[in-house]
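Summary of structural features
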Amino acid sequence: MDKIQTFLKFLSTKYNLRAHSGNSFWNLELNIGIKDREYSIKSLRNIEDVIIFSQKMSVTSKEMFCPYPWDDKIKLIPALEELLSNHHKQKHLCYLIYHEDNPVGLFYLWDFTKKKNLIIPELGEGLADSYHGKGLGGLSLDILTSIAKIEDCNAVELTTDLKNETAKNLYISRGYNKIGIIKNPLEVDQTKSFDELKTASKVREEYYFAKIFKNRENVFNYLKEKMKKQNELFSS
């Protein structure tokens, strides 16, 4: 069974998968029914839909989900162009959620590059305010976690704001373990080098979670070392 078929079989056991197309995770499209609504999940194709999605988030949601400088178009557009380029190169993997052709969610795995013989992409997900509480956060998490495992990653890492109890409880319910609290640069691609991250103008403490699939001891040591270095970097 190929990767896509393995993924679709898993997804069908948890969700009402109504249609699908695409021959890789980087050009995938899914139609899924949840709570009497039908949603489309589509691989990233343009940055305009990401901008439209960002305009559906409140100030609070933008503060909670801030991988990019949503309100600074001068910085946002090149950052999203880089995201699209990295998706096409299969370094990153990014999807949008659509409801009635409107983009209402963004979720991604950053960086499938091997580091210290480990592949540990970073997961992120955000939703338009009116689509919270509809099961889409769990759907996004399940999709990305499943893909990472099928792609033979060692683990998936993620962070979330200390005030975001809903997200924290979701991650724990899906088998993610808390590694600790990490000082995280905001509005930047966090997979960049430490020298590049040092230029971030915004930093905050966040919960640091991971779901480990294999090589548990090596992964745990790598994540603890990363957390220590990052905390030291932003303490100075």
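I will try to describe carefully the structure that is included in this document. In this text, all values refer to a predicted model and were calculated from it rather than measured experimentally.

1. As for the layout of surface pockets
By volume, the largest pocket is sized at about 730 Å³. Going through the elements one at a time, α3 (59-64), β5 (102-110), β6 (122-127), α5 (136-150), β7 (155-161), α6 (165-173) and β9 (203-212) are the ones with two or more residues in the lining of the largest pocket. By residue number, the principal contributor to the lining of the largest pocket is β6, which donates 6 residues. Its residues assigned to classes, the lining of the largest pocket comprises 16 nonpolar, 14 polar and 6 charged.

2. Here's the deal with the pairing of β5
Counting buried residues along β5, 8 of its 9 residues qualify, which places the element largely inside the surrounding structure. Count of turn residues in the strand β4 (residues 93-99)/β5 antiparallel hairpin: 2 residues, of which E100 carries a positive phi of about 55°. Pairing of β5 with β6 involves 6 bridges; the strand directions are antiparallel. Note that in β6 the partner of W110 across the bridge is E122.

3. Describing helix α8 (residues 216-233)
Compared with an ideal rise of 1.5 Å per residue, which puts 18 residues at 26 Å, α8 spans 26 Å between its outermost C-alpha atoms and is within 8% of the ideal. Within α8, burial applies to V219, Y222, L223, K226, M227, Q230, N231 and L233. Viewed end-on, α8 has its buried residues packed into an arc of 160°, placing them on one side of the element. Opposite the buried face of α8, by more than 90 degrees, sit the exposed residues E217 and K228.

4. Regarding the pairing of strand β2 (residues 29-34)
The side chains of a regular strand alternate, residue by residue, between the two faces of the sheet. Among the 6 residues that make up β2, 5 are buried, leaving the element largely enclosed by the rest of the structure. Across 5 bridges, the pairing between strand β1 (residues 16-21) and β2 is antiparallel. Considered in β2, the bridge of S21 is made with E29. By the bridge criterion, 6 bridges tie β2 to strand β3 (residues 37-43) in an arrangement that is antiparallel. Paired with G33 across the two strands is E38, which belongs to β3. As consecutive antiparallel partners, β2 and β3 are separated by 2 residues, and within that stretch K35 has a phi angle of approximately 50°, a positive value.

5. Here's the deal with the side chain of K42
With respect to the secondary-structure elements, K42 resides in strand β3. Put simply, K42 is tucked away with no salt bridge, and the nearest opposite charge, on E29, sits 4.2 Å away. Once you skip the residues sitting within four places of it in the chain, K42 turns out to touch L28, E29, C94, Y95, L96 and Y98.

6. As for the environment of S235
Considering the arrangement of structural elements, one finds S235 in the segment after α8. Classification of S235 by relative accessible area gives partly exposed; the value is 48%. C-alpha separation for the pair S235 and D152, spaced 83 residues apart in sequence, amounts to 34 Å. A polar contact of 2.9 Å, which involves the side chain of S235, links it to the side chain of K183.

7. A closer look at the packing of aromatic side chains
The final tally for this structure, using the stated rule, is 13 aromatic pairs. For the ring pair F7 and F25, a centre distance of 5.5 Å and an interplane angle of 85° mean the geometry is edge-to-face. Of this pair, F7 sits in helix α1 (residues 3-14) while F25 sits in the loop between β1 and β2, placing them 18 residues apart in sequence. The rings of F53, F65, Y68, W70, Y108 and W110 are connected pair by pair, giving a single aromatic cluster.

Reading the values: rules and limits
Residues numbered from 1 in each chain as written. Predicted model: local features only at pLDDT ≥ 70, side-chain atom pairs only at ≥ 80, totals over all residues. Heavy atoms only, no water. 1 Å grid on protein atoms, 1.4 Å probe; cavity = no way out; pocket = protein on both sides within 12 Å on 5 of 7 lines; lining within 4 Å. Points joined across faces, edges and corners; volume = space filled by probe spheres on them. Helix = DSSP H or I, 4+ residues; strand = E, 2+ residues; numbered from the N terminus. Nonpolar A, V, L, I, M, F, W, Y, C, P; charged D, E, K, R; others polar. Buried < 20%, exposed > 50% of the residue type's maximum accessible area, 1.4 Å probe, protein only. Pairing = 2+ DSSP bridges. Expected span 1.5 Å × (residues − 1). Arc of directions from axis to C-beta. Lys, Arg positive; Asp, Glu negative; His and termini not counted. Salt bridge = Lys/Arg side-chain N within 4 Å of Asp/Glu carboxyl O. Contact = heavy atoms within 4.5 Å. Polar contact = N/O pair within 3.5 Å; in protein donor to acceptor, adjacent residues only side chain to side chain. Phe/Tyr/Trp six-rings, centres within 6.5 Å; stacked < 30°, edge-to-face > 60°.

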